[in-house]
Amino acid sequence: MLEIALELSMYNDAYEDVATKFFEHFVYIADSLNRIGEDWTGAWDEEHGFFYDVLSMPDVQYIPVKVRSLVGLSSLFGVLVIKKEMLEKVADFYKRFK
């Protein structure tokens, strides 16, 4: 979806906000996965070998939602290589990206 939004952004600046949103989602997912082993109730369940969604409570409590869903497969999502030439054509997105 990010790649599509970036491609559309080269023809219509309005899509740069959409591209930014998809990039932010990628960063949130990556941040969640990078917390594995930091002594917190993370998304990874070693016993089941699966990623579960985590409910973040206002009192800084994290509760795993042990439902097998698309969340558990999100670590398999492909990664996009964005060429520098494309970034130069979508200046607003590139500024927020940095």
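As a reminder, the structure under discussion sits directly above these lines.
What this report covers is the structure whose coordinates are included nearby. (Residues numbered from 1 in each chain as written. Predicted model: local features only at pLDDT ≥ 70, side-chain atom pairs only at ≥ 80, totals over all residues. Heavy atoms only, no water.)

### Details of the overall build of the protein chain
- In terms of regular secondary structure, the protein chain is built from 4 helices and 4 strands.
- Across the 98 residues of the protein chain, 20% fall into the buried class.
- When the accessible surface of the protein chain is summed, it comes to about 7400 Å², and 57% of that surface belongs to carbon and sulfur atoms. (Helix = DSSP H or I, 4+ residues; strand = E, 2+ residues; numbered from the N terminus. Buried < 20%, exposed > 50% of the residue type's maximum accessible area, 1.4 Å probe, protein only. Areas by Shrake-Rupley, 256 points an atom, 1.4 Å probe, with all protein chains shown as cover.)

### Some remarks on helix α1 (residues 2-9)
- For α1, the set of buried residues is Leu2, Ala5, Leu6 and Ser9. Looking straight down α1, one finds that the buried residues subtend no more than 100° of arc, so they occupy a single side. (Arc of directions from axis to C-beta.)

### Remarks on the nonpolar core
- Of all hydrophobic cores here, the largest spans 9 residues; its members are Leu2, Ala5, Leu6, Ala19, Phe23, Met86, Leu87, Val90 and Phe93.
- For Phe93, the residues in contact, after removing those within four places along its chain, are Leu2, Leu6, Glu16, Ala19, Thr20, Phe23, Ile82 and Leu87. (Core = buried A, V, L, I, M, F, W, Y, C linked by side-chain atoms within 4.5 Å. Contact = heavy atoms within 4.5 Å.)

### Some remarks on the side chain of Ser9
- Along the polypeptide, Ser9 turns up in helix α1.
- Of note is the side chain of Ser9, whose polar atom sits 3.2 Å from the backbone nitrogen of Glu16.
- Not counting chain neighbours up to four residues away, the residues in contact with Ser9 comprise Tyr15, Glu16, Ala19 and Val90. (Polar contact = N/O pair within 3.5 Å; in protein donor to acceptor, adjacent residues only side chain to side chain.)

### Notes on the pattern of salt bridges
- For the structure shown, the criterion picks out 4 salt bridges.
- With a shortest N-O distance of 3.9 Å, Lys95 and Asp92 are connected by a salt bridge. Here Asp92 and Lys95 lie together in helix α4 (residues 91-97), a separation of 3 residues that amounts to about one turn. (Salt bridge = Lys/Arg side-chain N within 4 Å of Asp/Glu carboxyl O.)

### Structural notes on the packing of aromatic side chains
- This model, assessed by the stated rule, comprises 6 aromatic pairs.
- In this structure an aromatic cluster arises from ring pairing among Phe23, Phe26, Phe93, Tyr94 and Phe97.
- Its guanidinium or amino end placed over the ring of Phe50, Arg68 lies 4.7 Å from that ring's centre, counting from NZ or CZ. (Phe/Tyr/Trp six-rings, centres within 6.5 Å; stacked < 30°, edge-to-face > 60°. Lys NZ or Arg CZ within 6 Å of the ring centre and 35° of its normal.)

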